[in-house]
Amino acid sequence: MDLLAGIGCACAGLLAMALLGVAYRLGLLYQLCHKVNPQSPRHGGELVAEVLKAHGIRFLFALAGGHISPILVASEKMGIRVVDTRHEATAVFAADAVSRLSGRIGVAAVTAGPGVTNTVTAIKNAQMAESPVLLIGGAAASLQKGRGALQDIDQLSLFKTLCKACVSVRAVRDIVPALRKAIATAQSGTPGPVFVELPIDILYPFHVVEKEIGGTKSGRGLRGKVVQWYLKNYIRNLFAGAWDQRDVSPLPVQVPLATDDEVQQCAELVSRAKKPLVLVGSQALLPPTPAEELRAALEALGIPCYLGGMARGLLPPGSPLLLRQNRRDALRDADLVLLAGAVCDFRLSYGRLFGRHTAVVAVNRDRAQLLRNSDVFWRPRLAVQGDAASFVVRLAQSLRGYACPSDWAEGLRQADRKKEQENREKAATPTCDHLNPLDVLHRLDVLLPPESLLVADGGDFVGTAAYIVRPRRPLAWLDPGAFGTLGVGGGFALGAKLCRPDAEVWVLYGDGSLGYSLMEFDTFVRHKTPIIALVGNDACWSQIAREQVALLGSNVACGLEYLDYHAVAEALGGKGLVVGRPDRERLEAVLRAAQEASRQGHPVLINALIGKTDFRDGSISV
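A brief report on the enclosed structure follows. (Residues numbered from 1 in each chain as written. Predicted model: local features only at pLDDT ≥ 70, side-chain atom pairs only at ≥ 80, totals over all residues. Heavy atoms only, no water.)

**Notes on the overall build of the chain**
When you go through the chain residue by residue, the secondary structure sums to 25 helices and 18 strands. If you line up the chain on its principal axes, its C-alpha atoms span 100 × 60 × 45 Å. Taking all 622 residues of the chain together, 55% fall into the buried category. In the chain, the share of contacts with a sequence separation of at least 24, taken over all contacts with a separation of at least 6, comes to 76%. (Helix = DSSP H or I, 4+ residues; strand = E, 2+ residues; numbered from the N terminus. Buried < 20%, exposed > 50% of the residue type's maximum accessible area, 1.4 Å probe, protein only. Contact = heavy atoms within 4.5 Å.)

Put into structure tokens, the structure is as follows:
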């Protein structure tokens, strides 16, 4: 009897636990303690806007869609400027630019399904560029997933390898904590994009959700009544505790730092070096160290520097430390190289450029990037997993009184000046057809004001510009980064002009890359962002054609036409200018006219018809 009683008690206990588990999963226990107000007109979009506002977000980039309408409307009411683009990728590229220039996370919101899939390339670019971007994606109601709802796909699987975090929010009450955590994750450690999926049923008000998925008023039969109860409970659980007071302030951001011992080891290596060199990569421009503080540290060290990616412009054009030419030779001859956020990938020939006895000090937040190809072509004397900018600042503080050997620095400067002079001579040589691209870029460089910002979107023309055009200040050069993505121009320029309305923003386009975002001239006009686009139009995918023709003997798929891109800009409400060989003498006047039109509030496109040169022979495209 006692045994049967014990078994009975155990079964009752298991049954009670099972029932509690079911009650928990259905949200019944939570609903006992948290109110549901079916009459409330509030909606989840308001919570999204509150979190964004608390995190200092000024711009929300989007392309309209019913799944995300509550977010857009609430954000506008909260004073966040909603900027709608003509392609979802542009929205993410713009958010990426804002992130890089402002030091805050950039935010884009797109509708479900195709809206989300259209962002994949831009999100991958942000990942490889280490840009903290928050992508908010609309989605079908959680209850309707997998049941054939409009634009319903498995969105999280798309981004698992692209984002630092992917989450789907299941109740209104979870919106705030999910967004706060995602934003902190994006900015911590090695920054990168995060994806937060917000199903449509947690964004609209209670009465709208109830009407759309609440079912009939009264179910028929037992099964109908059970289904009706389930739907009613599901909706109530979505909104239980939705409007309880919650902290929306930013969570702490974690930044890895070098140890004092690592800084000291590097200081000892530098002090013994006869031919030191510094390579600064984009990662060194990440917060929290201000760019001006990093520049002061480099100037205090006095070591010759090459600047890559976002670091271009960190040193002023006339700085005696700044080198732009002959990097391969300098790396071969140096006895110590400090890689401050620079990576030994294809941009440094996978690490094969260092001399046999060169001591390499690598500093990077990401361990994989820190040691990229070190098991094959190079080996670091010191590898530091930490923030590159703060490392350089601390290194300069520990080396007060240090002086870089003057003969080494002067030799590099002489070689740099010689190469610059050769480039100027090439710019003065007429091409067979149309304008010399080097001449166009040299003339632009002369006219750039101190408050200018350059966006690079292209192959051959932009690759040439990297050696000719000089950014005037820190954070005044935006390029896609290691992914080499074409099509960033429209979004980058949009984000840049919004962040720096007083800056003269130039987009350097190839005629191929222009095709990806030419339609965004409509966006520039509507949102009053008067950028200037300079298109190097050589009627060809030249960076590809150069190798393809030489190696394979065919120009197939590389040829374009000298199209009237300026007319498209005019048709979209901007200003269009065209310049070719007959206009060479007035090239400067055309550039100045574009600057004046921009100052008057008009986005401008200059269609520069250019010819072929051998300046980029030997450059890589694979």
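**Considering the side chain of Asp439**
Looking at the secondary structure, you find Asp439 in helix α18 (residues 437-447). The exposure class assigned to Asp439 is buried, which follows from its relative accessible area of 9%. The residues touching Asp439, leaving out its near neighbours within four places in the chain, are Ala427, Arg584 and Leu587.

**Observations concerning unusual backbone geometry**
Pro287 connects to Pro288 through a cis peptide bond whose omega is 15°. Along the chain, Pro288 turns up in the loop between β7 (276-280) and α13 (291-301). In this model, Ala539 sits at a positive phi of 55°, which is unusual for a non-glycine residue. On the secondary structure map, Ala539 appears in the loop between β16 (532-537) and α23 (542-552). In this structure, Ala557 is a non-glycine residue whose phi angle is positive, near 70°. Tracing the chain through its elements places Ala557 in the loop between α23 and α24 (565-571).

**Here we look at the packing of helix α5 (residues 88-102) against helix α7 (residues 120-129)**
Relative to each other, α5 and α7 sit at 20°, their axes nearing to 9 Å. Comparing the axis directions of α5 and α7 gives the class roughly parallel. Like other packed secondary-structure pairs, α5 and α7 cross with a definite hand, here right-handed. Contact residues: Ala89, Val92, Phe93, Asp96 and Arg100 in α5; Ala122, Ile123, Asn125, Ala126 and Ala129 in α7. Its residues placed into classes, the contact of α5 with α7 shows 7 nonpolar, 1 polar and 2 charged. (Axes fitted to C-alpha atoms, helices over the stretch in contact; angles between N-to-C directions. Parallel < 35°, antiparallel > 145°, perpendicular 65-115°, else oblique. Left-handed = near helix turned anticlockwise from the far one by under 90°. Nonpolar A, V, L, I, M, F, W, Y, C, P; charged D, E, K, R; others polar.)

**Section: α23**
All of the buried residues along α23 are Ser542, Gln543, Ala545, Arg546 and Gln548. Those residues of α23 that are buried are in contact with α19 (460-468). Phi turns positive one or two residues past the end of α23, at Gly553, with a value near 75°.

**Concerning a nonpolar patch on the surface**
Together, Phe346, Tyr350, Val376 and Phe377 line one region of the surface with nonpolar side chains, adding up to about 360 Å² of accessible area. Residue position: Val376 is located in the loop between α15 (367-370) and β12 (382-385). Among the residues examined, Val376 registers a relative accessible area of 54% and is labelled exposed. (Patch = residues over 30% accessible without salt bridge, like charges linked within 9 Å, V, L, I, M, F, W, Y side chains within 5 Å. Areas by Shrake-Rupley, 256 points an atom, 1.4 Å probe, with all protein chains shown as cover. Salt bridge = Lys/Arg side-chain N within 4 Å of Asp/Glu carboxyl O.)

**A short note on the pattern of salt bridges**
What the rule picks out here adds up to 28 salt bridges. The salt bridge partner of Glu588 is Arg592, with a shortest N-O separation of 3.2 Å. Note that Glu588 and Arg592 are positioned in helix α25 (residues 587-599) at a spacing of 4 residues, about one turn of the helix. Relative accessible area serves as the criterion here: at 37%, Glu588 is assigned to the partly exposed category. The exposure class assigned to Arg592 is partly exposed, which follows from its relative accessible area of 44%. With its nearest N and O atoms 3.1 Å apart, the salt bridge here joins Arg599 to Glu596. Of the two residues, Arg599 and Glu596 both sit in helix α25, 3 residues apart, roughly one turn of that helix. Taking relative accessible area as the criterion, Glu596 reaches 35% and is therefore assigned partly exposed.

**Concerning the environment of Val360**
Here Val360 is to be found in strand β11 (residues 359-364). Along the chain, Val360 and Ser452 lie 92 residues apart, while their C-alpha atoms are 34 Å from each other. Residues in contact with Val360, not counting those within four places in the same chain, are Val337, Leu339, Phe354, Trp378, Pro380, Arg381 and Leu382.

**Details of the nonpolar core**
The biggest cluster of nonpolar side chains holds 113 residues, and the ones touching the most others in it are Phe61, Leu277 and Leu339. Excluding its chain neighbours within four sequence positions, the residues that come into contact with Leu277 are Ile303, Pro304, Tyr306, Leu323, Ala330, Leu331, Ala334, Leu336, Val337, Leu338, Trp408 and Leu412. Leu143, Ala178, Val196 and Ile235 belong to the second largest nonpolar core, which has 42 residues in total. (Core = buried A, V, L, I, M, F, W, Y, C linked by side-chain atoms within 4.5 Å.)

Fair warning: the whole summary comes from geometry, so function is off the table for now.
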